[in-house]
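# Structure at a glance
Here's the letter readout for the chains.
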Amino acid sequence: MKTTDRFVFPALLLVLLLLAGCESKGSSAYQGYIEGEFVYVAGKIAGRLDALDVARGDVAEAGQTLYVLEHAYETAGVALAEADLRQAEDTLHDRQKGLRPEEIAQIEADLRRAEASHTLSSLEYDRRIKLYGDAVIAKEELDTSRTTHARDKQQVRELEAKLATGKLPSRVDQILAAKAAVEAARAALDQARWNLGQMTQAAGVSGLVYDVLHYAGEWVAAGSPVVTLLPPANVKVRFFVPEAVAGSLALGQRLRVAFDGGAPVAATVSYIAPSVEYTPPVIYSQGFREKLVIMVEGRFAPDVAARMHPGQPVDVTPEAGGGAS
């Protein structure tokens, strides 16, 4: 959304304003015109205009939907980003909890078998020691029984260690990598949702729908305004006073603004230009100084501003005794 205070005004009126600066010093009314600072509503993504929810002349409230662009691609992008986020979160959860219950159960079953084998080989080894002491068996049989007993004991230790490791989460670096993947997926989802949100534009401020620049079915380029709003606070009067008069005006001073077809309305001085206009490139004689003018702007109350029209010619009379410097 971007704002500009330029308003194209006929060259003839500018000539009249210049002539107004040349009027006799006794005149207290100065010609001017109504100026509008427009708000152009646009999005950052191109698309076909599917729905235009306002018309020229409507009054839009802040937050009200103005138009919607086609957004099938952006909707699919959000769905894909949501799926990627779920996958990243599942991976992180898996890294944090260790092996699955089924894998833990298999290790526990293997451990029970190994413990049973170890118990059996321990009994057999004890029996072989006694038989060897009684000189019933050869030393080779005792050695074989000792080896089997040691093997089964080592198998139990390995499975116990594997079970303990399986119940632990993954290594710290793996968990950190999984967390980073989750954050990246969330950022991608935020981006996808933002893109989708750009396809629907709402009024950022309340104001008159001054103009509609595109219609349903048209292609709207990225950054191209679709609706022009004119908030009441952005309506002002602009007039020019002789250089000799500008020093008597002050910010906040009351103005009387007269126009055709209505009773005069009130405004207050909101801006006095710091430099003169229409300055000829010569030494300023007294005659030339009388031709110099200074631009002055005034603001209206909201209810008055709503009745004014940009480009409308007016006569402005400063009132004495109002405002502060």
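Residues numbered from 1 in each chain as written. Predicted model: local features only at pLDDT ≥ 70, side-chain atom pairs only at ≥ 80, totals over all residues. Heavy atoms only, no water.

### Quick word on the packing of aromatic side chains
This structure, assessed with the given rule, holds one aromatic pair. Pairing Phe38 with Tyr210 gives two aromatic rings, centres 4.6 Å apart and planes at 45°, and the pair type is tilted. With a gap of 172 residues between them, Phe38 in strand β3 (residues 38-41) and Tyr210 in strand β8 (residues 207-212) connect regions that are remote in the sequence. A residue is classified by how much of its surface remains accessible, and Phe38, at 4% relative accessible area, is buried. A relative accessible area of 31% places Tyr210 in the partly exposed class. (Phe/Tyr/Trp six-rings, centres within 6.5 Å; stacked < 30°, edge-to-face > 60°. Helix = DSSP H or I, 4+ residues; strand = E, 2+ residues; numbered from the N terminus. Buried < 20%, exposed > 50% of the residue type's maximum accessible area, 1.4 Å probe, protein only.)

### Overview of the pattern of salt bridges
Under the counting rule described, the total for this entry stands at 17 salt bridges. In this structure, Arg146 engages Asp143 in a salt bridge whose closest nitrogen and oxygen atoms are separated by 2.7 Å. Of the two residues, Arg146 and Asp143 both sit in helix α4 (residues 139-166), three residues apart, roughly one turn of that helix. Relative accessible area serves as the criterion here: at 36%, Arg146 is assigned to the partly exposed category. Residues participating in the shared-partner salt-bridge network are Glu37, Lys236, Arg238, Glu297 and Arg299. (Salt bridge = Lys/Arg side-chain N within 4 Å of Asp/Glu carboxyl O.)

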